[in-house]
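What follows is the residue order along each chain.
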Amino acid sequence: MKLVSGNSNRPMAEAMASGLGISLANASIRRFADMEVFVEIHENVRGEDVFVIQSTSYPANDHVMELLITIDALRRASARRITAVIPYFGYGRQDRKVGSRTPISAKLVANLLTEAGSNRILTLDLHAGQIQGFFDIPVDNLYAAPGIVPDIRAMLGDSNLTIVSPDVGGVFRARQIAQRLDADLAIVDKRRERAGVSEVLNIIGDVSGRRCIIVDDIVDSGGTLCNAATALLEAGACGVDAYIVHGVLSGSAVERIDASEIASMTITDSIEPTPEILASQTLRVITVAPLMASAVQRISEESSVSSLFD
Ligand code: R5P
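A short tour of the structure in this document, coming up.

Turning to the layout of surface pockets, a few remarks are in order. The calculated volume of the second largest pocket comes to roughly 500 Å³. What lines the second largest pocket is a set of 25 residues, and nearest its centre among them are Ser57, Tyr58, Val248, Ser250 and Ile271. Looking at the lining of the second largest pocket, the elements with two or more residues in it are α2 (60-76) and α8 (275-279). Partitioning the lining of the second largest pocket into residue classes produces eleven nonpolar, eleven polar and three charged.

This brings us to the packing of helix α4 (residues 145-156) against helix α5 (residues 171-181). Taken N-terminus to C-terminus, the directions of α4 and α5 make an angle of 50 degrees; their axes are 10 Å apart at the nearest point. One element, α4, and the other, α5, form an angle in the oblique class. When the axes of α4 and α5 are compared, the crossing they make is right-handed. Residues Ala145, Pro146, Ile148, Val149, Ile152 and Arg153 of α4 form the contact with α5, whose own contacting residues are Gln176, Ile177, Arg180 and Leu181. Class assignment of the residues belonging to the contact of α4 with α5 gives a composition of seven nonpolar, one polar and two charged.

Taken in spatial order, the five strands of this open sheet run β1-β4-β5-β6-β7, and their pairing is parallel. The open sheet has two edge strands, β1 (2-5) and β7 (139-142), and neither has a second partner. Shown here is a sheet whose adjacent strand axes are inclined to one another by a mean of 20 degrees, direction ignored. Across four bridges, strand β5 (residues 81-86) lies against strand β6 (residues 120-124) in parallel orientation. Bridge pairing links Ala84 to Ile121 in β6. Along the sheet, helix α9 (residues 289-300) contacts β1, β4 (49-53), β5, β6 and β7; its crossing angle with β6, the most-contacted strand, is approximately 160 degrees.

Taken as a whole and judged by the stated rule, the model has three aromatic pairs. When the ring of Phe32 is compared with that of Phe38, the centres are 5.7 Å apart and the planes differ by 20 degrees; the resulting orientation is stacked. Geometrically, the ring pair formed by Phe89 and Phe135 is edge-to-face, given 6.0 Å between the ring centres and 65 degrees between the ring planes. With Phe89 in the loop between β5 and α3 (105-116) and Phe135 in the loop between β6 and β7, this pair connects stretches of sequence that are 46 residues apart. Residues Phe89 and Phe135 agree in their burial class; the two are buried.

Rules used in this analysis
- Residues numbered from 1 in each chain as written.
- Predicted model: local features only at pLDDT ≥ 70, side-chain atom pairs only at ≥ 80, totals over all residues.
- Heavy atoms only, no water.
- 1 Å grid on protein atoms, 1.4 Å probe; cavity = no way out; pocket = protein on both sides within 12 Å on 5 of 7 lines; lining within 4 Å.
- Points joined across faces, edges and corners; volume = space filled by probe spheres on them.
- Helix = DSSP H or I, 4+ residues; strand = E, 2+ residues; numbered from the N terminus.
- Nonpolar A, V, L, I, M, F, W, Y, C, P; charged D, E, K, R; others polar.
- Axes fitted to C-alpha atoms, helices over the stretch in contact; angles between N-to-C directions.
- Parallel < 35°, antiparallel > 145°, perpendicular 65-115°, else oblique.
- Left-handed = near helix turned anticlockwise from the far one by under 90°.
- Contact = heavy atoms within 4.5 Å.
- Pairing = 2+ DSSP bridges.
- Phe/Tyr/Trp six-rings, centres within 6.5 Å; stacked < 30°, edge-to-face > 60°.
- Buried < 20%, exposed > 50% of the residue type's maximum accessible area, 1.4 Å probe, protein only.

Without other data, these values stay purely geometric and don't point to any function.
Okay, structure coming up:
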């Protein structure tokens, strides 16, 4: 087995390699003067089972290109099997036509990954499970929930909790966590008037006097979460915390969250945390590297990945 790291989340790749007791393969991903990506694999990979670790996070397009070009280099170097390990699959939110003459970019990225030479995909909490169907190669979509549940118990206890989905699309994820904690479930009915702006309309479920935990796959601008927190507190919640798998946290999102009424927000390291995130009083980061490493081990040994969640 060989692990190759892209530039987007090297700490995650190093943690995975260390968990697997191996070193990262010797490879370099560089830029030409005009920012074209150039990849060189400095060791033999002929006949190897190769895992390329790369989140397609900010700058998303550069990281997608790095991943595609690394896969191309490995394919041309006769790797036996190439698995794209994508802890955060960017473009996942563009999984359907949202209007006339708009793209389905998640499908386009899936096509590109396959065409470049990926034989398998390993990812975490896809924005929508159905994105697996955009690929005609096997996809293992891991869930952060089994790691999040014990963390919630340790940090917040397990009584008087209501798990909240900040929009209707996230109900499946929130319900999974609520069931594991034996907690109540509430849903924020969110309407987004235009891209990047969210508006809370209604809360489905009784949150009065409850400690609410908002669970979502992505925090980007932070608008969805901050608006949901305000609505929950106005409806009588006694406190709001958040657990989000992918901390995209664009622009001034960290500042916005620090200034919000959210008591704490826990994200995973599927995207490498910035110094600003690490310095935040509200944000904390838990690691999914052991989960990703276990899945790599199992894929390599051809054993069950789903049993990680039994
Ligand atoms: C949307 O469907 C996602 O699950 C997130 O709720 C959304 O991407 C969060 O974006 P933002 O933080 O910009 O409101």
